[in-house]
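Structural overview for review
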Amino acid sequence: MKLTDLFIRRPVVATVVNLIILLAGFQAIRTLNVRQYPRSDIAVVTIKTAYVGANADLVRGFITTPLERVIASADGIDYIESESAQGLSTITVHLKLNYDNNDALTQIQSKVAQVRNDLPPEAEAPIIDLQTSDNQFAAAYLSFYSEDLDQNQITDYLTRVVQPKLSAVSGVQRADILGARTFAMRIWLKADRLAAQSISPSDVR
């Protein structure tokens with residue numbers, strides 16, 4: 001007797017087996033993770049450190065090189081790129097494919113904190129930013145407008161009041177201002193007058 005004969009002779013058994021298969025398939029549909037493409041989490045961590053007044057060589061020697069040395073010892077790093085410009089150090093850390101982003105970010109933050117006191121005191125605190133393939137678009141966009149304030153004043157208000165409050169909300173990684181119009185001032189200094197008053201450019205700043 002073949003297996004199929006059993007279901008022909010016992011229709012109740014055939015019905016029960018069909019119901020079991022149906023329920024198992026329904027449960028699989030609810031729990032199955034369906035993606036258009038295979039999972040591919042590629043994350044990039046950017047560390048930016050401002051050192052106002054320093055040229056590219058000083059930034060590389062006092063900022064980029066020490067940070068690069070300690071960051072390279074963190075786990076999950078594929079390769080590191082760095083750029084030292086006038087007053088700014090930028091280190092880009094590319095993580096390995098599908099590596100835990102939170103674990104890598106925690107390790108990098110810990111490594112940066114180890115050498116924070118070794119950096120020049122005039123340098124600002126390093127800003128660490130995590131970019132993943134899933135956060136190319138923000139979770140929410142808020143629009144601001146005013147009939148009385150111009151774009152520069154709106155940007156100033158968002159920078160001073162709104163952005164800090166949004167960044168302090170639990171679960172918010174960062175709050176960016178798109179289309180910002182910031183105030184700017186360019187000042188030319190007279191070297192002879194500064195020397196006469198014993199004032200340095202950093203004092204003026």
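Structure: see above.
The sections below set out a description of the structure shown in this document. (Residues numbered from 1 in each chain as written. Predicted model: local features only at pLDDT ≥ 70, side-chain atom pairs only at ≥ 80, totals over all residues. Heavy atoms only, no water.)

With that settled, consider the environment of tyrosine 141. Among the secondary structure elements, tyrosine 141 is positioned in the loop between β4 (127-131) and α5 (151-167). Along the sequence, tyrosine 141 and aspartate 176 sit 35 residues apart, while their C-alpha atoms lie 9.7 Å from each other. (Helix = DSSP H or I, 4+ residues; strand = E, 2+ residues; numbered from the N terminus.)

Let's shift gears to the pairing of strand β1 (residues 44-50). For β1, the tally of buried residues reaches six of seven residues, placing the bulk of the element in the interior. Examined bridge by bridge, β1 and strand β3 (residues 88-95) share seven bridges and lie antiparallel to one another. By the bridge assignment, lysine 48 is partnered in β3 with threonine 90. For β1 and β4, the ladder comprises five bridges, and the chain directions are antiparallel. (Buried < 20%, exposed > 50% of the residue type's maximum accessible area, 1.4 Å probe, protein only. Pairing = 2+ DSSP bridges.)

What follows deals with the pairing of β3. With respect to burial, β3 is a largely interior element, seven of its eight residues being buried. One ladder, built from eight bridges, connects strand β2 (residues 77-85) with β3; its direction is antiparallel. Directly across from tyrosine 79, in β3, lies its bridge partner histidine 94. Between β2 and β3, which pair antiparallel in sequence order, lie two residues; one of them, glycine 87, sits at a positive phi of approximately 75 degrees.

We now examine the sheet that holds β4. Neighbouring strands of a sheet are bound in pairs by backbone hydrogen bonds; such pairs are parallel or else antiparallel. What the four strands build is an open sheet, ordered β2-β3-β1-β4; its pairing is antiparallel. Unpaired on one side and paired on the other, β2 and β4 mark the two borders of the sheet. Shown here is a sheet whose adjacent strand axes are inclined to one another by a mean of 15 degrees, direction ignored. Sitting on the sheet, helix α3 (residues 56-71) touches β1, β2 and β3, and the angle it makes with β2 is about 165 degrees. Sheet strands in contact with helix α4 (residues 101-115) are β1, β3 and β4, and its direction is about 165 degrees off that of β4. (Axes fitted to C-alpha atoms, helices over the stretch in contact; angles between N-to-C directions. Contact = heavy atoms within 4.5 Å.)

Right, let's talk about unusual backbone geometry for a bit. The residue asparagine 98 is not glycine, and still its phi comes out positive at about 65 degrees. Summarising the element assignment, asparagine 98 is placed in the loop between β3 and α4. Unusually for a residue other than glycine, serine 198 sits at a positive phi of about 55 degrees. Its place among the elements puts serine 198 in the loop between α6 (191-197) and α7 (201-204). Overall, the relative accessible area of 66% leaves serine 198 in the exposed class.

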